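# A closer look at the structure
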Amino acid sequence: MKSAVCDTEVMVIRCGDGTIECGGAPMAEAKPADAGTISPDHAAGAMIGKRYVDAGGSFELLCVKSGKGTLAVNGVALEVKSAKPLPASD
């Protein structure tokens, strides 16, 4: 999916019910001809290679191109998924 307001692009790994947004605007499969304006409340940015998840675990997005917009679902910002700790080796 591509952002309508910045360069952010994501791959959807898991998707629940809701609207995936970036920079305060819904994302789409195609980039619009004219980019919109990023909402100041949703301008924290997205980092390439990071996975973003919602609190309920319904959504998981992989950022494939970074940008200035914050990834969100229905206006609620997604969090960077933390790495699983490796088991201790003896």
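Notes on the structure in this doc start here.

Criteria and thresholds
Residues numbered from 1 in each chain as written. Predicted model: local features only at pLDDT ≥ 70, side-chain atom pairs only at ≥ 80, totals over all residues. Heavy atoms only, no water. Helix = DSSP H or I, 4+ residues; strand = E, 2+ residues; numbered from the N terminus. Buried < 20%, exposed > 50% of the residue type's maximum accessible area, 1.4 Å probe, protein only. Contact = heavy atoms within 4.5 Å. Pairing = 2+ DSSP bridges.

Take Ala28: it is sitting in the loop between strand S3 (25-26) and strand S4 (51-53). Under the relative-accessibility criterion, Ala28 is labelled partly exposed at 33%. Ala28 sits 36 residues away from Val64 along the chain, and the two C-alpha atoms are 15 Å apart. Sequence-distant contacts of Ala28, defined by excluding residues within four places in its chain, comprise Met1 and Lys2.

Moving on, we come to the environment of Thr19. Tracing the backbone through its elements, the reader meets Thr19 in the loop between strand S1 (9-14) and strand S2 (20-22). Among all residues touching Thr19, those that are not within four sequence positions of it are Pro26, Ala72, Val73 and Asn74.

The 4 strands lie next to each other as S3-S2-S6-S7, forming an open sheet whose pairing is antiparallel. Among the strands making up the open sheet, the edge pair consists of S3 and strand S7 (76-77).

Nothing here speaks to function; it is geometry throughout.
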